[in-house]
Amino acid sequence: MDSNYNKKVLMLAVYAGEIMMKNGAEIYRVEDTIVRMCSACGIKSTEVFSTPTGIFISIDPGDDSQEAQTYIKRMRGLTTDMGKISLVNNFSRRFTSDDTSVEEAMAILRKIDGKRTYHTQIRIMAAALVAMCFCVIFGGGFPDALIACVAGGASYTISAYLSKYEINYFIHGFLCCAAASIIALLLCGVVPNTSYQPIIIGTLMIYVPGVAITNSIRDFLSGDMLSGLARMADAVITAASLAAGAGIVIQIWTMTGGGI
Amino acid sequence: MSEIIIQTLLAAGGTMGFCVLFHVPIRHIPVCGIIGGCAWGLYQLIILNNASSPVMATFMAAALVGLLSDLASRIIKEAATIFIIPGILPLVPGAYIFYAMQALVRNDMMDTSTYLTDTIKLAAAIALGLLAVGAVTKSLREITKKTADAVLESVETFKDNK
């Protein structure tokens, strides 16, 4: 075991941790995976510190002839992909029990990272379904549900388009919600017997920061206070961006005499 | 009663939609739908019977999500997060955020602060619900593991003595 091997192991562990963290895993799971993978490769002691914005890893191979190595990975742009978390989680368990080489493991992780579970069209339809269901739950009727379907689909299309360009997440939430509100208000003006409130709530539900809230609680529970706070702040700011998007559109609509 | 069934089905549909947005593997989507639907059904059952406040109802529903997800993760052998995150989403107070914002646009500060406080209370209820179940299941797991180890050990010593 030379230091070149140690470096490869370190890169492998960082990559696995990065995929999990980027796709919305809890801190405890990320750190556990990294430590498990390193110790499976014969590294004596591993220390990990991870937050939603970066992972810091130090490994010590445990004999005096080799030096300890450290790697810092800065992360930007969090998404949610449960499929990748599940795949990496299962892979890391398999990796510890069988003798997959480090190079093979790296190739498998690259494949997982590049994987796309659902096509954009299917996700847009799913967003329309979400908007429709929550519109009816919050008191919408049949015509409201149809408008919510259109507004949800359209705003998610915009969201998918925007996420191709690394746009600021506040602006992202703001624009998506504003677009949904404009469509809801316009169509409600045309179609009789509709109210815009359940429609906007339904489309709002697509972007609501449920993942950030849940993960922040789970981080607090396992004692990762820093990450818990970071994710709580993420949830609050995202909620503020959604409210601002819908609020400004409704304000302008009222001011220009759209009549609510 | 039929109201609750309709609400449950709608919440299940919405949860399954979220599963696709969050790239949950297709074989787990029905389970997530059932968990989300059950949680929202319980919430509606409590609210419609005036049994308790929305905060308490959210707490109970979040605890149910935690419990069912833990159960599912053990049966299917999959990380519990995959079930918890979509399951919790119907409970997230998106509507209250909207009402607060609407009151703010009306320049009605009384309503704004009421709805904002409600939002925070509901988010805290979700947190506490998940936390309670998480703490209990975690300690139960430890206890069962330790008991099993102790029993195995005593059986071993018993065999040795024989």
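Given the structure is predicted, the values throughout are model-derived calculations rather than measurements.

In this section: the packing of helix H3 (residues 82-97) of chain A against helix H4 (residues 102-114) of chain A. Residue and element names in this part refer to chain A. It is the contact of H3 with H4, at a shortest axis distance of 10 Å, that shows an interaxial angle of 165°. If you check the angle between H3 and H4, you find them roughly antiparallel. For the pair H3 and H4, the crossing hand works out as right-handed. Where H3 abuts H4, its residues Lys84, Leu87, Val88, Phe91 and Phe95 lie against Ala105, Ile108, Leu109, Ile112 and Asp113. Of the residues assigned to the contact of H3 with H4, the class counts are 8 nonpolar, no polar and 2 charged.

Residues and elements named next belong to chain A. The antiparallel open sheet is built from 3 strands, whose spatial order is E1-E2-E3. Of all strands in the sheet, those bounded by a partner on one side alone are strand E1 (45-51) and strand E3 (69-74). Put simply, the sheet's adjacent strands are angled 10° from each other on average, direction ignored. Here 6 bridges tie strand E2 (residues 54-60) to E3, and the two strands are oriented antiparallel to one another. By the bridge assignment for E3, serine 58 is matched with threonine 70. Along the sheet, helix H2 (residues 27-40) makes contact with E1 and E2, crossing E1 at roughly 155°.

Residue and element names in this part refer to chain A. Segmenting chain A into domains produces domain 1 (3-114) and domain 2 (120-255). Using only C-alpha atoms to locate each centre, domain 1 and domain 2 end up separated by 34 Å. If you look at the interface, domain 1 gives 13 residues, while domain 2 gives 10 residues. For the pair domain 1 and domain 2, the summed buried surface comes to about 790 Å²; carbon and sulfur atoms form 56% of the total. When the area that domain 1 buries against domain 2 is broken down by residue, the three leading residues are Glu26, Ile27 and Pro52, summing to 49%. Here domain 1 is connected to domain 2 by 1 salt bridge. Taken together, the links from domain 1 to domain 2 amount to 4 residue pairs in polar contact (both at pLDDT 80 or more).

On to the packing of helix H3 (residues 54-76) of chain B against helix H6 (residues 109-161) of chain B, then. Residue and element names in this part refer to chain B. With their axes 7 Å apart at the nearest point, H3 and H6 run at an angle of 35° to one another. For the crossing formed where H3 meets H6, the hand is right-handed. Seen from H3, the contacting residues are Pro54, Val55, Thr58, Phe59, Ala62, Ala63, Gly66, Leu67, Asp70 and Arg74; seen from H6, they are Lys121, Leu122, Ala125, Ile126, Leu128, Gly129, Leu130, Ala132, Val133, Thr137 and Arg141. Here the residues of the contact of H3 with H6 are counted per class, giving 13 nonpolar, 4 polar and 4 charged.

Within the secondary structure layout, alanine 239 of chain A lies in helix H10 (residues 225-255). On the basis of relative accessibility, which here comes to 14%, the residue alanine 239 of chain A falls in the buried class. Placed 65 residues apart in sequence, alanine 239 of chain A and phenylalanine 174 of chain A show a C-alpha to C-alpha distance of 9.6 Å. The contact partners of alanine 239 of chain A, leaving out residues within four places of it in the chain, are Pro209 of chain A together with Ile97 of chain B.

Cut-offs applied
For every chain, the first residue of the written sequence is number 1, and numbering continues from 1 along that sequence. Written order determines the labels here, with chains lettered from A and ligands numbered from 1. In keeping with the predicted nature of the model, local features appear solely for residues at pLDDT of at least 70, side-chain atom pairs appear and are counted solely at 80 or more, and the whole-chain, interface and lining totals rest on all residues. Calculated side-chain values reflect all of the structure's heavy atoms, with hydrogen atoms and water omitted. Orientation is described by axes fitted as lines to C-alpha atoms, over the contacting stretch for helices, and by angles from 0 to 180 degrees between their N-to-C directions. Only runs of H or I of at least four residues qualify as helices and only runs of E of at least two qualify as strands under DSSP, and these elements are numbered from the N terminus. An angle below 35 degrees is treated as roughly parallel, one above 145 as roughly antiparallel, one from 65 to 115 as roughly perpendicular, and anything else as oblique. Left-handed describes a crossing whose near helix is turned anticlockwise from the far helix through less than a right angle; right-handed describes the clockwise counterpart. Whether two residues are in contact is decided by their heavy atoms, any of which lying within 4.5 Å being enough. Polar here means any residue other than Ala, Val, Leu, Ile, Met, Phe, Trp, Tyr, Cys and Pro, which are nonpolar, and Asp, Glu, Lys and Arg, which are charged; Gly is therefore polar. Pairing between strands is defined by DSSP: at least two bridges between them are needed. Marked domain ranges trace back to an automatic or database domain assignment. Note on terms: buried area is the combined drop in 1.4 Å-probe accessible area of two parts once they are placed together, counting the loss on both. Salt-bridge detection follows one rule: a side-chain nitrogen of Lys or Arg within 4 Å of a carboxyl oxygen of Asp or Glu. For this analysis, a polar contact is any N or O atom pair within 3.5 Å, provided that within protein one partner can donate a hydrogen and the other can accept it, and provided that sequence-adjacent residues contribute only side-chain to side-chain pairs. Three labels apply to residues, based on accessible area from a 1.4 Å probe with only protein chains included: buried if under 20% of the type maximum, exposed if over 50%, partly exposed otherwise in between.

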